[in-house]
Amino acid sequence: RAAVVLPDSALQPAASAGPARARSRVRKVNRMAVGRIPGAKLTDNSGRVFFFASLAWNFGLGMTWLAVPLYAYSQGLSNAEIGALFAAPVFAQAPLNLAGGAYTDRIGGRRIMLGSCWATVAGGIAFIFAQGFWMLLLGQLLLIVSRAAFWPATWAMASELPGTRGVQLGRLNAVTNTG
């Protein structure tokens, strides 16, 4: 858990409110609301860890854009099959991102992100046993689902980090585009 440092003005009761209301307001402060209180800061490195994890995830999954077609080439697949494996993420990503965003709104960013990690694991396992076009396509589809779930979930989680929402989303895009 992160320790929250609140400015003195956040602890002062309003002119019409009594001390009991001020205490209940302090109790309601949680990690999600910290970013909405002017002057409040988290004293741990949760934002840095989140951004580094997003960078590592994006770098690892980005390598599959090159590795899957090269692996298919090493298995002797035709140029049309390699092209289909390479194009599948491009055509499927946009509609699946919309579905990922809808589920993120319903279920929450953290759960969707965990599901995205499990889809990546399942895709990796499919690639280990892939011995032809259809198994490679299955692995690629699992990675597509993982990407489609990951992006809306990270955007939702970054917008809940303390600080200005635009700054946090800019940081997220900067580190993931680096990866």
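Residues numbered from 1 in each chain as written. Predicted model: local features only at pLDDT ≥ 70, side-chain atom pairs only at ≥ 80, totals over all residues. Heavy atoms only, no water.

(A) Structural detail: the overall build of the protein chain. Helix and strand counts for the protein chain come out as 8 helices and 2 strands. Overall, the protein chain shows an N-to-C arrangement of helices and strands of β-α-α-β-α-α-α-α-α-α. Counting only residues that meet the buried cut, the protein chain has 35% of its 179 residues in that class. Taking all contacts inside the protein chain whose residues are at least 6 apart in sequence as the whole, residues at least 24 apart take part in 70%. (Helix = DSSP H or I, 4+ residues; strand = E, 2+ residues; numbered from the N terminus. Buried < 20%, exposed > 50% of the residue type's maximum accessible area, 1.4 Å probe, protein only. Contact = heavy atoms within 4.5 Å.)

(B) Geometry of the side chain of R147. With respect to the helices and strands, R147 occurs in helix α7 (residues 133-159). When neighbours within four sequence positions are excluded, R147 is seen to be in contact with W57, L61, T64, W65, P89, Q93 and N97.

(C) Summary view of the packing of helix α6 (residues 109-128) against α7. Where α6 meets α7, the closest approach of the two axes is 8 Å, and the angle between their N-to-C directions is 160 degrees. As summarised for this structure, α6 and α7 are arranged roughly antiparallel, according to the angle between their axes. For the element pair α6 and α7, the recorded crossing hand is left-handed. Residues G109, R110, I112, M113, S116, A119, T120, A122, G123, A126 and F127 of α6 form the contact with α7, whose participating residues are M135, L136, G139, Q140, L142, L143, S146, A149, F150, A153, T154 and M157. (Axes fitted to C-alpha atoms, helices over the stretch in contact; angles between N-to-C directions. Parallel < 35°, antiparallel > 145°, perpendicular 65-115°, else oblique. Left-handed = near helix turned anticlockwise from the far one by under 90°.)

(D) Quick peek at the environment of R111. Tracing the sequence through the fold places R111 in helix α6. With 42 residues separating them along the chain, R111 and A153 place their C-alpha atoms 8.4 Å apart.

(E) Fine view of the side chain of S116. With respect to the element layout, S116 can be found in helix α6. Beyond its immediate chain neighbours, meaning those up to four positions away, S116 contacts W57, S146, A149 and F150.

(F) The arrangement of the nonpolar core in detail. Ranked by internal contacts, the top residues of the largest apolar core, which has 28 residues, are F50, A72, L77, L85, M113 and L136. Counting residues per element, the ones that place at least two in this core are α3 (46-62), α4 (64-74), α5 (79-107), α6 and α7. Among the elements that make up this core, the one with the highest residue count is α7 (11 residues). Those residues in contact with L85 that lie beyond four places of it in its chain are V68, A72, L77, F133, L136, L137 and Q140. (Core = buried A, V, L, I, M, F, W, Y, C linked by side-chain atoms within 4.5 Å.)

(G) Local environment of α4. Within the span of α4, buried status applies to T64, V68, P69 and A72. End-on, the buried residues of α4 take up no more than an arc of 125 degrees, which puts them together on one face. Residues of α4 that are exposed and point over 90 degrees away from its buried face: L66, L70, Y73 and S74. Positioned one or two residues after α4, G76 has a phi angle of 85 degrees, which is positive. (Arc of directions from axis to C-beta.)

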